[in-house]
Amino acid sequence: MKLLRHGPKGQEKPGLLDDAGNIRDLSAHVDDIAGEVLTPDGLGRIAALDPLSLPVVDPATRLGPCVGRVGKFIGIGLNYADHAAEAGMEIPSEPILFSKFTSAISGPNDDVEIPPGSAKTDWEVELGFVIGQGGRDIPEARAMSHVAGYCVVNDISEREWQAERGGSWDKGKGFDSFGPIGPWLVTTDEVPDPQRLRMWLEVDGQRHQDGTTATMIFGVRTLVAYLSRCMSLQPGDVIATGTPPGVGMGMKPPRFLRGGETMRLGIEGLGEQRQLVRRR
């Protein structure tokens, strides 16, 4: 299934995408694509519905973030071998974790806002996965049964605030609009192997990132188990798993977003995002 949320900001309704590409409304059956709806039982109840029996939504309707009421939005740093090489940094021996504040979450086609005074706002196409069955101390052998599905994430990053202003990476990762997710949450039955997905990102039609999840250092299975040792995981938690090479910081000379650009990005089978970049 391809689950989604549609409607104005703060008023999104649950929905799904049918086989013909129509948005269907789920409001009569679930209150949101969130929480217990994302557990195996919750997804099973949605899967049992006939999509053709659901109301059709105007295709021009805004798509919101594909998951609602997110409790934790976690990022994994330097998780692609080729991106670590691009950044001139050693391959990490354990996953590097940071938080993206949930207030950064936005819809897949909402504008990205450059903060006042920013000179180093960057792009990062990433595979996101969403927790379905919660838990802690999850063994790798059972890790994939805790994943509800996958989505596209643009891990927008302000590099000066991330690396030059002291403290953790979180400051540069958590500005408002810095976490577009969606367009859809694609359930695991449609993604047989999350470690074999093509991914790409363009700025004003010029492709900068063109990679594959096959070069991830720590795969989804490992990340679920590792994270569950650091914290309990709950339904609806979103994890962004890192980016392949081609970010602005790695260019020579570096290139960053100034405002006025259009970003397009996507992952094989998970859909595309499109964002206009503007200054706040």
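### Describing the sheet that holds strand β9 (residues 125-131)
And step 1. On the basis of which strands lie adjacent, the open sheet formed by 9 strands has the order β3-β2-β1-β13-β10-β9-β16-β4-β5 and mixed pairing. Unpaired on one side and paired on the other, β3 (23-25) and β5 (96-99) mark the two borders of the sheet. Averaged over all neighbouring strand pairs, the angle between strand axes comes to 30 degrees, with direction disregarded.
And step 2. Of the pairings in the sheet, the one linking strand β2 (residues 13-17) to β3 comprises 3 bridges and is antiparallel in character.

### Here we look at the state of the cysteines
And step 1. Applying the stated criterion to the full structure yields 0 disulfides.
And step 2. No disulfide involves Cys 151; its sulfur sits 4.1 Å from the nearest other cysteine sulfur, which is in Cys 66.

### Structural notes on unusual backbone geometry
And step 1. Pro 183 follows Gly 182 through a cis peptide bond whose omega is 20 degrees.
And step 2. Residue Lys 252 is joined to Pro 253 through a cis peptide bond whose omega torsion reads 0 degrees.
And step 3. Relative to the helices and strands, Pro 253 is located in the loop between β16 (238-240) and β17 (262-267).
And step 4. Of note, Leu 78 is a non-glycine position whose phi angle comes to about 50 degrees, a positive value.
And step 5. Counting through the fold element by element, Leu 78 comes out in the loop between β4 (73-77) and α2 (81-87).
And step 6. Take Leu 78: its relative accessible area is 8%, and that puts it in the buried class.

### Quick notes on the side chain of Thr 121
And step 1. Structurally, the position occupied by Thr 121 is in strand β8 (residues 121-122).
And step 2. Residue classification places Thr 121 among the buried residues on the basis of a relative accessible area of 0%.
And step 3. One polar contact links Thr 121 to Ser 118, side chain to side chain, over a distance of 2.6 Å.
And step 4. Once you skip the residues sitting within four places of it in the chain, Thr 121 turns out to touch Ile 114, Pro 115, Ile 156, Ser 157, Glu 158, Phe 178, Phe 256 and Leu 257.

Rules of the game
Numbers given for residues are sequential positions, taken from 1 along each chain in its written order. Local features in a predicted model are, by the rule used here, given only for residues with pLDDT of at least 70; side-chain atom pairs are given and counted only at 80 or more, and totals for whole chains, interfaces and linings are based on all residues. The basis for every side-chain value is the complete set of non-hydrogen atoms in the structure, without hydrogens or water. We call two strands paired when DSSP finds no fewer than two bridges between them. Runs of E in the DSSP output that reach at least two residues are strands. Runs of H or I that reach at least four are helices, and both are numbered from the N terminus. Structural elements are reduced to axes, namely lines fitted to C-alpha atoms, with helices fitted over the stretch in contact, and the angle between N-to-C directions of any two is expressed from 0 to 180 degrees. For the purposes of this analysis, a disulfide is any pair of cysteine sulfur atoms at a distance within 2.5 Å. Here's how the labels work: a residue is buried when its accessible area is under 20% of the maximum for its type, exposed when over 50%, partly exposed in between, all with a 1.4 Å probe on protein chains only. By the criterion applied in these results, polar contacts are pairs of N or O atoms within 3.5 Å in which, for protein atoms, one can donate a hydrogen and the other can accept it, and in which residues neighboring in sequence qualify only through two side-chain atoms. Contacts were defined at the residue level, with two residues in contact if any of their heavy atoms lie within 4.5 Å.

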